[in-house]
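# Chain and residue survey
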Amino acid sequence: MAVQQHVSCGRCLSCVPDISNSMQLATYGGFDFVALPIVHPRFKREFVEGKAKDRIAPFARSDLLLPSQDWSSLVVGKLSAWLQPDSENAVVRLNSQEALLQELNYAAHLSLPAVLVPLSSIQCVNLARCLFSHMQGHSNHQVWIQVPIQAPSVMTDDLIENEPDHGDNENEATLSRDKDPWHWWNTLRRACNHHKRLGVALEVSPDLPSQAILDRWLGEPIKCAIFSTSLFLTNKKGFPVLSKAHQSLVMQLFRLNVQMMITGVNRHPDKGIKAYQQYMDHLFQSQPPLGGVDAFAKGYEDYLQCPLQPLSDNLESQTYEIFEKDPVKYTRYQEAVYKALMESVSEAQKSSTKTVIMVLGAGRGPLVTASLKAAEQADRKVHVYAVEKNPNAAVTLFSLKEDKWGDMVTVVQSDMREWKAPEKADIIVSELLGSFGDNELSPECLDGAQPFLKGSCISIPCKYTSYLSPLMSHKLYNEVKLCKEKDKNPEAHFETPYVVRLQNVAILDKPQPVFTFTHPAKQPADNQRYKHLTFTVSEDAELHGFAGYFDTALYGDIMLSTEPSTYSEGMFSWFPIFFPLKTPVHLKANSQVTVHFWRNCRSRSVWYEWCLTDPVATPIHNINGQSYTISL
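Here's what I pulled together on the structure shown here. (Residues numbered from 1 in each chain as written. Predicted model: local features only at pLDDT ≥ 70, side-chain atom pairs only at ≥ 80, totals over all residues. Heavy atoms only, no water.)

### With respect to the overall build of the protein
Selection rule: Counting from the N terminus, the helices are DSSP H or I runs at least four residues long and the strands are E runs at least two residues long. The contact rule is simple, with two residues in contact once any of their heavy atoms fall within 4.5 Å. Using a 1.4 Å probe, the Shrake-Rupley method yields the accessible areas, and only the shown protein chains count as cover for residues. In this tally Asp and Glu are treated as negative and Lys and Arg as positive; neither His nor the chain ends contributes. Charge positions are represented by NZ for Lys, CZ for Arg, CG for Asp and CD for Glu.
Broken down by element type, the protein carries 17 helices and 26 strands. The C-alpha extent of the protein, read off along each of the three principal axes, is 105 × 55 × 45 Å. Considering only contacts within the protein whose residues lie at least 6 apart along the sequence, 79% involve residues at least 24 apart. Carbon and sulfur atoms form 50% of the exposed surface of the protein, whose accessible area is close to 29,400 Å². Of the charged side chains in the protein, 60 are positive and 69 negative, and the gap between their average positions amounts to 3 Å.

### Quick word on the sheet that holds strand β1 (residues 9-12)
Note the threshold: Whether two strands pair comes down to DSSP finding at least two bridges between them. For helices, the fitted axis covers only the stretch in contact; all axes are lines through C-alpha atoms, and the angles between them, taken along N-to-C directions, range from 0 to 180 degrees.
Reading around the barrel, the eight strands line up as β1-β2-β3-β4-β5-β6-β7-β10 and close back on themselves, with parallel pairing between neighbours. On average, each strand axis in the sheet is inclined to that of its neighbour by 25°, with strand direction left out of account. The pairing of β1 with strand β10 (residues 259-263) spans four bridges and is classified as parallel. Note on β10: the bridge partner recorded for Arg11 is Ile262.

### A word on the side chain of Gln146
Worth spelling out the cut-off: Between N or O atoms, a polar contact is any pair within 3.5 Å; within protein, one atom must be a potential hydrogen donor and the other a potential acceptor, and residues adjacent in sequence are included only when both atoms are from side chains.
Tracing the sequence through the fold places Gln146 in strand β5 (residues 142-148). Within the local environment of Gln146, its side chain forms a polar contact with the side chain of Glu203, the two groups lying 2.7 Å apart.

### Some details on the pattern of salt bridges
Note that side chains of opposite charge can pair when their charged atoms are close. Applicable threshold: The term salt bridge refers to a side-chain nitrogen of Lys or Arg lying within 4 Å of a carboxyl oxygen of Asp or Glu. Burial classes: relative accessible area under 20% of the type maximum marks a residue as buried, over 50% as exposed, and values in between as partly exposed (1.4 Å probe, protein chains only).
Within this structure, the stated rule accounts for 17 salt bridges. Here Glu220 makes a salt bridge to Arg189, at a shortest N to O gap of 2.8 Å. Residue Glu220 is found in the loop between α8 (211-217) and β7 (222-228), and its partner Arg189 is found in helix α7 (residues 181-191); the two are separated by 31 residues along the sequence. Considered together, Glu220 and Arg189 belong to a single accessibility category, that of buried residues. Notably, a salt bridge pairs Arg364 with Glu324, separated by 2.8 Å at the nearest N-O pair. Of this pair, Arg364 sits in the loop between β11 (354-360) and α14 (366-378) while Glu324 sits in helix α12 (residues 317-324), placing them 40 residues apart in sequence. The network of salt bridges with common partners includes Glu347, Lys350, Asp379 and Arg380.

### A word on the packing of helix α4 (residues 125-135) against α7
What counts here: Note on terminology: angles under 35 degrees are roughly parallel, angles over 145 are roughly antiparallel, angles of 65 to 115 are roughly perpendicular, and the others are oblique. Note on convention: near helix rotated counterclockwise from far helix by under a right angle means a left-handed crossing. Clockwise means right-handed.
In the contact formed by α4 and α7, the axes pass within 9 Å of each other and the chain directions differ by 45°. As far as their axial angle goes, α7 and α4 are oblique. In the crossing of α4 with α7, the sense of the turn from one axis to the other is right-handed. Residue-level inspection shows Val125, Leu127, Ala128, Leu131 and Phe132 of α4 in contact with α7, the latter providing Thr187, Leu188 and Ala191.

### A closer look at the nonpolar core
Worth spelling out the cut-off: The criterion is simple. A nonpolar core is a set of buried Ala, Val, Leu, Ile, Met, Phe, Trp, Tyr and Cys residues joined through side-chain atoms within 4.5 Å.
Core analysis: the biggest nonpolar cluster contains 159 residues, and Leu188, Trp217, Phe227, Met260, Met280, Ile460 and Phe597 have the highest contact counts within it. Setting aside chain neighbours within four positions, we find Ile460 in contact with Tyr333, Ala336, Val337, Ala340, Ile427, Ile428, Val429, Ser430, Leu554 and Tyr555. Residues Leu304, Leu476, Val500 and Leu502 belong to the second largest nonpolar core, which totals 14 residues.

### Topic: the pairing of strand β4 (residues 114-118)
Under the convention used in this document: Throughout, right-handed denotes a crossover for which the path from the first strand over the helix to the second runs clockwise when the strands point away from the viewer.
Of all five residues that make up β4, four are buried, and the element is covered over most of its length. As defined by bridge partners, strand β3 (residues 75-78) adjoins β4 across three bridges and the pair is classed as parallel. In the strand pairing of β4, Gly77 is matched with Val115. In this fold, β3 hands off to helix α3 (residues 90-109), which returns the chain to β4; that crossover is right-handed.

### Digging into the sheet that holds strand β26 (residues 630-631)
Overall, antiparallel pairing links the four strands, which are arranged β20-β24-β25-β26 in an open sheet. In the strand order of this sheet, the two ends are held by β20 (529-537) and β26, each with one partner. When strand β25 (residues 605-614) meets β26, the two strands line up antiparallel, connected through two bridges. Each bridged residue has a counterpart across the sheet, and for Ser605 the counterpart in β26 is Ser631.

Right under this line is the structure:
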């Protein structure tokens with residue numbers, strides 16, 4: 001995937017007497033696109049009353065003014081500001097509705113990439129209906145809902161007077177909601193059924209809201225951020241610059257690939273309007289280079305992947321190669337084996353004791369190599385069994401034994417659950433963990449190895465725990481909606497977990513532990529689990545599902561973790577897992593979310609089930625593994 005070299009920045013225009021000239025000036029100013037009115041701002045059409053409705057005249061500029069390629073790539077259409085499709089006045093409402101549809105249809109005729117729709121109130125359901133109806137047609141353009149980043153500081157008297165009396169507390173909450181632009185957007189988004197072509201054009205304010213409010217917006221499908229020239233300060237050289245707080249916001253938006261847009265008059269005439277675009281590009285170029293996980297995951301952000309099933313599927317060589325490049329995981333494993341050897345074999349015993357290490361699920365051998373390095377570092381004698389069911393990976397193991405490992409390693413091409421070991425293990429080492437800890441069936445695999453473990457056997461890892469967090473993500477919800485598979489129930493994809501590099505999401509509460517497994521098991525294990533968790537959500541939000549993580553104790557205090565508060569910096573072997581909900585749930589500030597989670601087992605499969613009981617009760621997702629199972 002090509003790396004974007006320059007900021008994508010547009011110029012928002014309100015008055016465009018000559019469209020060709022305006023386009024040339026914007027291009028000269030370094031802008032990539034312009035936003036301009038579809039219809040002249042003063043041209044109010046009448047459809048329902050009066051003689052003017054019979055006037056025959058073009059209501060918009062001709063499509064001949066620009067080549068079709070320019071219309072379709074360089075112009076974002078702005079709807080007329082006077083439209084009031086949610087007016088209480090029937091004439092105003094119907095007239096606005098007809099004019100709105102006329103402008104949307106003309107935007108579709110021009111093949112514009114996007115239409116900018118201003119939103120100024122929570123009273124927007126009829127607007128939503130018009131947009132939803134239009135998007136269900138043959139148009140392909142995006143609809144950018146232009147909304148301020150935070151509430152206006154003063155509510156209008158009309159809004160306060162028109163509010164019903166609910167009592168002081170409820171009335172205060174209602175007023176707060178009605179003047180919160182996120183609620184305006186959310187009301188429209190929900191009425192449009194979270195449509196995939198809806199996006200946000202976020203108007204940035206002089207004073208930014210709290211980080212919690214910003215984080216919520218960063219979980220929304222922001223397509224464009226609008227910066228007025230009035231937000232810019234002037235530096236010592238006379239150029240426009242943004243405050244530190246605004247710069248920080250811009251950097252966060254860049255990580256979501258958000259386009260920028262400059263609106264307002266040029267307040268630095270000696271520098272030219274180009275100076276604003278140049279400054280945005282300067283910030284873009286000032287981003288630190290991607291490293292570690294960010295570089296590895298570039299292009300996979302919010303991309304749904306089905307979790308690996310290494311028991312039922314033999315992994316390909318390139319999959320092994322990717323995971324073997326992890327700079328953290330195998331270093332920690334080597335430290336764990338070293339520590340286990342040092343603590344289990346004393347200095348006095350080291351010359352007379354040979355420790356049997358069994359690498360269960362050896363893949364192409366990185367854990368074998370790590371174990372041998374640990375033995376050399378500890379100055380302890382070992383013999384390593386490399387057990388691997390994949391016959392193709394075993395080819396590599398046999399080659400490594402011949403070329404590098406020699407008699408210190410015995411390669412076994414077998415499923416560990418079926419292997420009859422010639423001796424018992426002092427240490428078992430495995431990397432059978434998935435994005436949710438146990439979802440690649442480490443418990444079942446290691447249970448199968450139980451017969452050939454010594455009573456004092458050490459397991460690396462010795463324990464792992466899964467975690468869940470509630471999340472909001474319009475993007476992920478729509479990604480799941482787009483999943484289609486022949487002969488499969490459309491809702492089945494909402495009963496399937498996905499491995500995802502989370503980016504355009506808002507995490508609504510900190511993770512809580514779900515299931516824990518410990519090895520070696522002291523007695524025959526029951527790997528079925530059930531847990532219910534209750535989260536508290538601090539801000540109003542939409543719940544689209546749950547993010548899953550895990551941590552593992554390899555040995556002693558040597559850990560690996562994908563859980564954000566203890567994340568193993570630089571490790572990229574695992575992305576989080578996403579458990580979607582079929583229907584988004586609206587959450588009020590300080591409300592509680594109670595989720596129930598099951599891990600169920602049959603003789604040949606394992607699966608998860610999940611549901612909510614608070615703030616609403618939902619059906620149990622994936623009952624009896626009807627949509628997704630993990631094969632044993």
